[in-house]
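Examination of the molecular architecture
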Amino acid sequence: MDCRISLQGADTLALQGAILVYKGARDVFASWHEATVRKGTAPQLGPALPLSTMFLKSLAEGLGSNLRTELLPPNVLVRTPDTLVWWTPATSRRMFFSLFDVDLGPFSGRSFPHPALVFRVSGRELRIRAISQSKRPDATTPLLVAPYYNTQENGLVCQGSMRSPDGPFVNAMTAWEDAFFASEFTHLWGGGRMCRHKHGVSGLWKAVEGAKVFPVRLLANARQTLQQFVGRDHD
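Quick caveat, the model's predicted, so the values are computed rather than measured.

**Looking at the sheet that holds strand E16 (residues 221-225)**
- Strands sit in the order E7-E8-E12-E13-E14-E16 across an open sheet of 6 strands; the sheet is antiparallel. One side of each edge strand has no neighbouring strand; the edge strands of this open sheet are strand E7 (76-79) and E16. Between one strand and the next, the sheet's axes are offset by a mean angle of 30°, whatever the strand orientation.
- Relative to strand E8 (residues 83-88), E7 runs antiparallel, the two sharing 3 bridges. Directly across from arginine 79, in E8, lies its bridge partner leucine 84.

Listed below in structure tokens is the structure:
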């Protein structure tokens, strides 16, 4: 049995051990077990050893070793090995709607103004929020719901057939934006208040088609700051 793996662009890695996590009603305990590997047999885990702070620090540094040193463009807000958050200023973009959509199908391919946006990619998951001003947000900036089809009130994007990049890489930011806006906006996804227009999301986009500036007063409050958006796990 081969207990080695090879990562793209990295050395071959051999199994060293495993961390086992035990959880009770109130307490959580983790232990380290060295692995004994013999050819042709399954790996065997050794006795439990206490985890040291030095070991955990070394492990964390190792897991992040594939994060390349790079110069970050000014629109990047957060960069970690598994998460990338950036913002885009207000602009105009074309949008594509299903031709079967009675309300928005006739507007497919036309230009629409968009508010300033915040994108978050974690692994292959995409979330999106709007902001009221077209300037770099800070930790306390209140966020607004991005009023798009295929997007939940919490910002999660249903990617469907969207041609998404591989992951949270700085050089893929434009590709993520292009993939989102070049996809077909087909349906409302989930409940909640997506915008403040009296005719909902479809009424909002019909009203702003061809306008120069997006009316941010029609955006719904996300009840969330940028710090909360980037600094916690999501449902």
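**Overview of the environment of phenylalanine 119**
- Note that phenylalanine 119 resides in strand E12 (residues 116-122).
- Judged by relative accessible area, which is 1%, phenylalanine 119 ranks as buried.
- C-alpha separation for the pair phenylalanine 119 and valine 76, spaced 43 residues apart in sequence, amounts to 9.7 Å.
- Other than its neighbours up to four places away in sequence, phenylalanine 119 contacts Leu84, Val85, Trp86, Thr88, Leu126, Arg127, Ile128, Glu177, Phe180 and Phe181.

**So, the nonpolar core**
- Formed by 49 residues in total, the largest nonpolar core has its most connected members in Tyr148, Phe180 and Trp205.
- When residues of this core are traced back to their parent elements, those giving at least two are E7, E8, E12, strand E13 (125-131), strand E14 (142-145), helix H2 (173-182), helix H3 (200-208) and helix H4 (226-230).
- In this view, tyrosine 148 contacts Met95, His114, Pro115, Leu117, Ile128, Phe180, Phe181, Phe185, Met194 and Trp205; residues no more than four positions away in its chain are not counted.

**Brief notes about the pairing of E14**
- Summarising the sheet, E13 and E14 pair through 2 bridges and their orientation is antiparallel. Across the sheet, residue arginine 129 finds its bridge partner in E14, namely valine 145.

Quick notes on the rules
Residues numbered from 1 in each chain as written. Predicted model: local features only at pLDDT ≥ 70, side-chain atom pairs only at ≥ 80, totals over all residues. Heavy atoms only, no water. Pairing = 2+ DSSP bridges. Helix = DSSP H or I, 4+ residues; strand = E, 2+ residues; numbered from the N terminus. Axes fitted to C-alpha atoms, helices over the stretch in contact; angles between N-to-C directions. Buried < 20%, exposed > 50% of the residue type's maximum accessible area, 1.4 Å probe, protein only. Contact = heavy atoms within 4.5 Å. Core = buried A, V, L, I, M, F, W, Y, C linked by side-chain atoms within 4.5 Å.

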